[in-house]
Amino acid sequence: MRHFPAFLDLHGRQVLVLGNGEVADRKAAPLAAAGAIIRRASHFSAALLDGVALAVGADAAEDDLRALSDAAQARGIPVNIVDRPALCSFIMPAIIDRDPVTVAISTGGAAPVLARMLRQKIEAVLPPAIGGLAALAGRMSAAVRRALPDLGARRSFLERVLTGPPAALALAGRTRDAEAAFATALLDADGRPAGFVHLVGAGPGAADLLTLRAQRLLGEADVIVHDRLVSDAVLDMARRDADRIFVGKARANHCLPQEEINALLVRLARSGKRVVRLKGGDPFVFGRGGEEATALAEAGIAHEVVPGVTAALACAAQAGIPLTHRDAARSVTLVTGHTRDGRLDVDFVGLARPGQTLAVYMGVSTLRELEAGLVAAGLDASTPAAVIENGGTAGMRVLVGTLASVAHDAAGWARGGPALIMVGEVISHAAVTSLTRMPAALAPLS
């Protein structure tokens, strides 16, 4: 290792930044954020180094930069001349700041762009609230030492609690709940660790439409409880040794009744497991996530809901159909096409009002009933409509027409994939390139 990494306490100390320009400003900013008192100058003189703890040079004349380097190193003051490794006694790394957690990446000055790229990759998987978790551990450290004087027991407890419910709550920004969970875990330090359930939206199926939080949780979970709409690409994000439990549901065909799924989640959490309940789309949009959250709350199980990209957003975006448009729709209504007691349980009068976009989930099998109800309530049968199958994935197909035509054609056109029906004038404002880039999958407006 060419350079030894170290973190300097610059709070209240003088730091010289030589040079005026964008690069010098950029280097001064994180130093100031660390509490340093910045001394700026355009030209070098030896007196500028009096009382400083650190020196940085950029956007200055060559002679000034060399003089700064020589003088600082002669006086034992760490110095960095930007993009000039030969003139540096230390390297300024690419920094990830999650105070009090700080991550620094350096390539020894050989490839600063690579260091920045590595920082971006680490930032993508590092929870934004990781600093809050570190702060929680710091606040509880004295209590942990008193309760667990043995180093081995203390380390084992911290490893468990920093991956358990207190950590999950802290990372979700629920600071008070996290402190309470930490204190409870400390009182029962010798007992079985508590579990935690994350109700996670898997999005429409494409792995790169997962949220960063969902991706991280999949890599940490002990058990994945998933539906049929969760793609293999998303499941591949999970820990290789995680248990996978399929509880897939299709219309009128439940692999596991909802009450049994609720009981399963409670049972897994009580056994100390970190559980990800993985649902297609968003857990709280026609995903029964509310029922599961209620069951967990009633059982006293710590849990968190992680939103996902719901079908209306994914399908509309990929098909190029705006959900709202100032010339066509000022509101969006999400509605389920599933039947209750053999009929559509929807407010047809409300859905037929003009100036809105309807996004109907799981409605292909009841589309003729939907059409009849909307037309009876006053909606013109020639209103633009579309059926989007497998939206948000590479296998997307789009059937475009009028409410009357898609209601007539959809049953024969559909191939059984998850489908969203859109109704409204916004469809006439769809981006032409989006609706014609897969011509074999599209039906023309009629």
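What you see is a predicted model; the values in this text were computed from it and never measured.

### Observations regarding the overall build of the chain
When you go through the chain residue by residue, the secondary structure sums to 16 helices and 21 strands. In summary, the chain has a C-alpha radius of gyration of 29 Å against a globular reference of 22 Å for 446 residues, an excess of more than 25%. Judged by the C-alpha coordinates and their principal axes, the chain covers about 85 × 60 × 35 Å. Counting contacts in the chain only where the partners sit at least 6 residues apart, residues at least 24 apart contribute 64% of the total.

### Some details on helix 4 (residues 130–147)
With 18 residues, helix 4 extends 25 Å between its outermost C-alpha atoms, agreeing within 8% with the 26 Å of an ideal straight helix rising 1.5 Å per residue. For helix 4, the principal kink sits at Met 140 and spans about 50°. Of all the residues in helix 4, the buried ones are Ile 130, Gly 131, Leu 133, Leu 136, Met 140 and Val 144. Against strand 5 (94–98), strand 6 (101–105), helix 5 (151–161), helix 6 (165–171) and helix 7 (175–187) lie the buried residues of helix 4.

### A look at the environment of Pro 384
Within the secondary structure, Pro 384 is located in strand 18 (residues 384–389). Distance in space between the C-alpha atoms of Pro 384 and Arg 288 is 30 Å, their sequence separation being 96 residues. When residues no more than four places from it in sequence are discounted, the contact partners of Pro 384 are Gly 401, Thr 402, Met 422, Val 423, Gly 424, Glu 425, Ile 427 and Ser 428.

### Re the side chain of Glu 304
Secondary-structure assignment places Glu 304 in strand 13 (residues 303–306). The contacts of Glu 304, once residues within four sequence positions are left out, are Ala 168, Ala 172, Phe 196, Val 197, His 198, Leu 199 and Arg 213.

### So, the nonpolar core
With 24 residues, the main nonpolar core has Leu 133, Leu 136, Val 144, Leu 148, Phe 157 and Phe 182 as its most contacted residues. Counting residues per element, the ones that place at least two in this core are strand 5, helix 4, helix 5, helix 6 and helix 7. Excluding residues that lie within four positions of it along the chain, Phe 182 makes contacts with Leu 136, Met 140, Val 144, Phe 157, Leu 158, Val 161 and Pro 166. By size, the runner-up hydrophobic cluster in this structure holds 22 residues, among which are Leu 367, Ala 410, Ala 419 and Val 423.

### Let's talk about the sheet that holds strand 2 (residues 37–41)
Backbone hydrogen bonds hold the strands of a sheet together, and the pairing may be parallel or antiparallel. Spatial strand order, 2-1-3-4: four strands in an open sheet with parallel pairing. Either end of the sheet is taken by a strand with one partner, and the two such strands are strand 2 and strand 4 (79–81). Taken pair by pair, the neighbouring strands of this sheet meet at an average axis angle of 20°, ignoring direction. One ladder, built from three bridges, connects strand 3 (residues 52–57) with strand 4; its direction is parallel. Each residue of the ladder has a partner; that of Val 56, found in strand 4, is Asn 80. Strands strand 1 (14–18), strand 2 and strand 3 of the sheet are contacted by helix 1 (residues 22–33), whose axis makes an angle of about 160° with strand 2.

### Quick word on the environment of Leu 48
One can find Leu 48 in the loop between strand 2 and strand 3. With 20 residues separating them in the primary sequence, Leu 48 and Leu 68 have C-alpha atoms 9.3 Å apart. Setting aside anything within four residues of it in sequence, one finds Leu 48 in contact with Leu 16, Arg 39, Ala 41 and His 43.

### Section: the UniProt feature "domain: Sirohaem synthase dimerisation" (unreviewed entry) in the chain
The feature "domain: Sirohaem synthase dimerisation" (unreviewed entry), as given by UniProt, occupies residues 130–186 in the numbering adopted here. For residues 130–186, the end-to-end C-alpha separation is 20 Å, with 84% helix and 0% strand making up the annotated structure.

### Some points on the UniProt feature "domain: Siroheme synthase central" (unreviewed entry) in the chain
Listed under "domain: Siroheme synthase central" (unreviewed entry) in the UniProt record, and renumbered for this structure, are residues 98–124. Taken end to end, residues 98–124 is 48% helix and 22% strand, and its first and last C-alpha atoms sit 13 Å apart.

### Examining helix 1
Two residues of an α-helix separated by three or four positions point the same way, owing to the 3.6 residues in each turn. Compared with the 16 Å implied by 1.5 Å per residue over twelve residues, the 17 Å span of helix 1 between its first and last C-alpha is a close match. The complete set of buried residues in helix 1 reads Ala 24, Ala 28 and Leu 31. The arc that holds every buried residue of helix 1, seen down its axis, measures 60°, which confines them to one face. In this structure, helix 1 carries Glu 22 and Ala 33 as exposed residues pointing more than 90 degrees from its buried face. Here the buried face of helix 1 lies against strand 1, strand 2 and strand 3. Trailing helix 1 by a residue or two, Gly 35 shows a phi angle of about 95°, which is positive.

Reading guide: rules and limits
- Residues numbered from 1 in each chain as written.
- Predicted model: local features only at pLDDT ≥ 70, side-chain atom pairs only at ≥ 80, totals over all residues.
- Heavy atoms only, no water.
- Helix = DSSP H or I, 4+ residues; strand = E, 2+ residues; numbered from the N terminus.
- Rg over C-alpha atoms; globule rule 2.2 N^0.38 Å.
- Contact = heavy atoms within 4.5 Å.
- Expected span 1.5 Å × (residues − 1).
- Bend = angle between axes of the 7 residues up to and from the residue.
- Buried < 20%, exposed > 50% of the residue type's maximum accessible area, 1.4 Å probe, protein only.
- Core = buried A, V, L, I, M, F, W, Y, C linked by side-chain atoms within 4.5 Å.
- Pairing = 2+ DSSP bridges.
- Axes fitted to C-alpha atoms, helices over the stretch in contact; angles between N-to-C directions.
- UniProt positions renumbered as here; feature names shortened; annotations may be inferred.
- Arc of directions from axis to C-beta.

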